[in-house]
Amino acid sequence: MSLTLLLPLVIFGITLIVVIVHALGWSSPRAFADEKDAARAWLREFPDDPPQAVDLSTDRRHALLRLPGGGAGIVWSFGQDSVARRLGPGLKLSETETGIDIRPADFTAPRMSVALDAAGATRWQAQLAPLTTPQTEDRHA
Amino acid sequence: MPDTIVFPDVVKLAVPLFIIAMLGEIGWIRLSGRGGRYETRDTLTSLLMGAGNVATGLVLGFVAYGYYTFLWQFAFFDLGVSVLVIVAAFLLDDLTYYWQHRLGHEVRWVWASHVNHHSSQHFNLSTALRQTWTGTFTGMMLLSTPMILLGFHPKVILFCNGINLVYQFWIHTEAIGKLPRWFEFIFNTPSHHRVHHGRNARYLDANYAGTLIIWDRMFGTFVPEQEDEPVDYGLVHNLGTFNPLRVAFHEWLGIFRDIAQPGLTLRQRLAYMFAAPGWSHDGSRDTSTQIKRKYVAANPDAAGKPGL
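Note that the structure is predicted; figures quoted are calculated from it, not measured.

Further remarks concern the overall build of chain A. Scanning chain A from terminus to terminus reveals 3 helices and 7 strands. Reading chain A from its N end, one meets helices and strands in the order α-α-β-β-β-β-β-β-β-α. In terms of C-alpha radius of gyration, chain A reaches 19 Å, well past the compact-globule figure of 14 Å for 141 residues. Along the first, second and third principal axes, the C-alpha atoms of chain A reach 70 × 40 × 35 Å. Counting all 141 residues of chain A, 40% fall into the buried class. Summarising the internal contacts of chain A: among those between residues at least 6 apart in sequence, 45% fall at separations of at least 24. For chain A, the distance from the average position of its 14 positive side-chain charges to the average position of its 16 negative side-chain charges is 2 Å.

Below you can see the structure in the form of structure tokens.
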């Protein structure tokens, strides 16, 4: 098959399939039913780290977790599924009109836009604040 | 073998069939309400990865083909072209594929290329097209060396590669349950391949077959799909991006970041490149073997069951 035939065929095929999938309503993102649902999604990736507390965003698409030992994790809806990450130093946080943006130093999860009301934004920022500046080792300790 | 013989590029010829089959699968899911899931951005990413794979093949395909043709001048025999030779080549190429695929899961350098194929949390025909852009860099073409030296012409091997790849398209589906026992015993099937795409502890590092599942049965990597444990598709730690560039290159970047850490020995740096995915010098990550061990420790009743 020549490239002049293959290229239009591939472009047509991709466009057709994606448009049909979207038209069928299969673009709707998942929302967690409640805190337990978000915790289950977390445990799916980190079965050894049961969360001690779960704080859902207003649209129930993100949840901030308090982990044993004081660590933090985040689980969020990703298409119809979910993704989870432990959060470490080097986060960038910024306020938005609808909540906050989190930018971890993670090539595979570069940005999360979290919908939060004012009280929620304050809680999340307070929990994440220690992670927003690089931790330094005390070499004399 | 005469140089004038031309084999069809079966993968490119199959593109219309790929499109029709995906439309059929989407229609079946919509009408029946079962048989899998599609999601718009996931599907787009898979299809763009497939298109990118074809594009990188056009740009970098000369590397593998150049190696094969260079090697051909040193072949001990010229087996020519016949039905028997093509059947023998297909069987040996499928065996070669098994080991290439197994290395793709057990050696991080090769996994860096293959991981994108497993990066969808869906399992449908579009997932089959979520192919690598960086296969050339793994050096896996070297595994075909014995076949060429034995006298199988590079064109015959590439033809068999293509047939194998096209075969593997239809097994990426949840719309087909289990097939007759004799077929499931010999061939790779949707059921066997669902297991291969599972992130469940018991399903990790299983069913590497291309066309024939007998290789997994022979080499001890076969795990049957369990009715009491649905397959959870994707990676142990799933990607949080649909961006094809991030999907294609993230593990390579991870390797380079790991080996660039200060204070590591040369052995540790090499292990970050060539040990099993999940290996770490400080034990902060888990390999498949460690994940299975932890799972059995937490679920003692599962000990000794398939895949554990």
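There is more to say after this.
Moving on to unusual backbone geometry. Residues and elements named next belong to chain B. Unlike most non-glycine residues, Asp205 shows phi in positive territory, near 55°. Following the sequence through the fold, Asp205 ends up in the loop between helix H10 (190-196) and helix H11 (214-219). A positive phi angle is found at Asn207, which is not glycine, with a value near 55°. Note that Asn207 resides in the loop between H10 and H11. Taking the relative accessible area as the measure of exposure, Asn207 reaches 0% and is therefore buried.

It is worth spelling out the UniProt feature "domain: Fatty acid hydroxylase" (unreviewed entry) in chain B at this point. In the numbering used here, UniProt assigns the "domain: Fatty acid hydroxylase" (unreviewed entry) feature to residues 87-221 of chain B. A distance of 24 Å separates the end C-alpha atoms of residues 87-221 of chain B, which is 53% helix and 0% strand.

This part covers the domain arrangement of chain A. A common way to report how large an interface is uses the accessible area buried once the components associate. Each assigned domain of chain A is listed with its residue range as follows: domain 1 (1-28) and domain 2 (35-131). Distance from the C-alpha centre of domain 1 of chain A to the C-alpha centre of domain 2 of chain A: 34 Å.

Further remarks concern the sheet that holds strand S2 (residues 62-66) of chain A. All names here are of chain A. Read across the open sheet, the 4 strands follow the order S1-S2-S3-S4; overall the sheet is antiparallel. Of all strands in the sheet, those with a lone pairing partner are strand S1 (53-56) and strand S4 (81-87), marking the two edges. The sheet shows a mean angle of 20° between the axes of neighbouring strands, taken without regard to direction. Judged from the 4 bridges that link them, S1 and S2 form a sheet pairing that is antiparallel. Across the sheet, Val54 pairs through a bridge with Leu65, a residue of S2. On top of the sheet, helix H2 (residues 35-45) reaches S1, S2, strand S3 (72-78) and S4; it is set at about 75° to S4, its chief contact. Packing of helix H3 (residues 118-128) onto the sheet brings it into contact with S1, S2, S3 and S4, and relative to S2 it is tilted by some 45°.

Attention now moves to the UniProt feature "transmembrane region" (unreviewed entry) in chain B. All names here are of chain B. Taking the numbering used here, the UniProt-annotated feature "transmembrane region" (unreviewed entry) corresponds to residues 13-31, 43-65 and 71-92. Measuring from the first to the last C-alpha atom of residues 43-65 gives 31 Å, for a span that is 100% helix and 0% strand. Note that residues 71-92 is 55% helix and 0% strand, and that its end C-alpha atoms are spaced 17 Å apart.

Take the interface of chain B and chain A next. Contact residues are listed per partner, giving 40 residues for chain B and 32 residues for chain A. Buried area between chain B and chain A, summed over both chains or domains, comes out near 3300 Å², and the portion from carbon and sulfur atoms is 67%. Between the two partners, chain B and chain A, sit 3 salt bridges. Notably, a salt bridge pairs Asp48(A) with Lys294(B), separated by 3.3 Å at the nearest N-O pair. Sorting the residues of the side of chain B that touches chain A by element identifies helix H1 (10-13), helix H2 (15-32), helix H3 (40-72) and helix H12 (244-259) of chain B as the ones contributing at least two each. By residue number, the principal contributor to the side of chain B that touches chain A is H3(B), which donates 9 residues. In terms of residue class, the side of chain B that touches chain A is built from 21 nonpolar, 9 polar and 10 charged.

Before going further, it helps to spend a moment on the pairing of S4(A). All names here are of chain A. Summarising burial for S4: 6 of the 7 residues are buried, a large majority. Across 7 bridges, the pairing between S3 and S4 is antiparallel. Along S4, the bridge assignment pairs Ser77 with Ser82. From the end of S3 to the start of S4, which pair antiparallel, there are 2 residues, and Gly79 there has a positive phi angle of about 65°.

As a further point, take the pattern of salt bridges. All names here are of chain B. Throughout the structure, instances matching the rule amount to 20 salt bridges over all chains. Two residues, Arg130 and Asp42, come together in a salt bridge whose shortest N-O distance is 3.1 Å. In this pair, Arg130 sits in the loop between helix H6 (125-128) and helix H7 (145-150) while Asp42 sits in helix H3, placing the two residues 88 residues apart along the sequence. The class for Arg130 is buried, based on a relative accessible area of 3%. One salt bridge connects Arg108 with Glu251, and the closest N-O pair in it is separated by 2.7 Å. Taken together, the residues Arg108 in helix H5 (residues 108-114) and Glu251 in helix H12 connect sequence positions 143 residues apart. Judged by its relative accessible area of 7%, Arg108 is buried.

Residues and elements named next belong to chain B. On the secondary structure map, Asp9 appears in the segment before H1. According to the relative accessible area criterion, Asp9 is partly exposed, its value standing at 35%. Along the sequence, Asp9 and Arg202 sit 193 residues apart, while their C-alpha atoms lie 37 Å from each other. One polar contact links Asp9 to Lys12, side chain to side chain, over a distance of 3.1 Å.

As a further point, take the packing of aromatic side chains. Here the structure, examined in full by the defined rule, presents 19 aromatic pairs over all chains. Between the aromatic rings of Trp42(A) and Phe46(A), the centroid separation amounts to 4.5 Å while the plane-to-plane angle is 25°, which identifies the pairing as stacked. Summarising the burial analysis for this pair, Trp42(A) and Phe46(A) share the class buried. Lying across the ring of Phe222(B), Arg217(B) places its NZ or CZ 4.1 Å from the centre. Over the ring of Phe107(A) we find Arg246(B); its NZ or CZ atom is 4.7 Å from the centre of that ring.

Conventions and cut-offs
Residues numbered from 1 in each chain as written. Chains lettered and ligands numbered in written order. Predicted model: local features only at pLDDT ≥ 70, side-chain atom pairs only at ≥ 80, totals over all residues. Heavy atoms only, no water. Helix = DSSP H or I, 4+ residues; strand = E, 2+ residues; numbered from the N terminus. Rg over C-alpha atoms; globule rule 2.2 N^0.38 Å. Buried < 20%, exposed > 50% of the residue type's maximum accessible area, 1.4 Å probe, protein only. Contact = heavy atoms within 4.5 Å. Lys, Arg positive; Asp, Glu negative; His and termini not counted. Charge placed at Lys NZ, Arg CZ, Asp CG, Glu CD. UniProt positions renumbered as here; feature names shortened; annotations may be inferred. Domains from an automatic or database assignment. Pairing = 2+ DSSP bridges. Axes fitted to C-alpha atoms, helices over the stretch in contact; angles between N-to-C directions. Buried area = accessible area lost by both parts, 1.4 Å probe. Salt bridge = Lys/Arg side-chain N within 4 Å of Asp/Glu carboxyl O. Nonpolar A, V, L, I, M, F, W, Y, C, P; charged D, E, K, R; others polar. Polar contact = N/O pair within 3.5 Å; in protein donor to acceptor, adjacent residues only side chain to side chain. Phe/Tyr/Trp six-rings, centres within 6.5 Å; stacked < 30°, edge-to-face > 60°. Lys NZ or Arg CZ within 6 Å of the ring centre and 35° of its normal.

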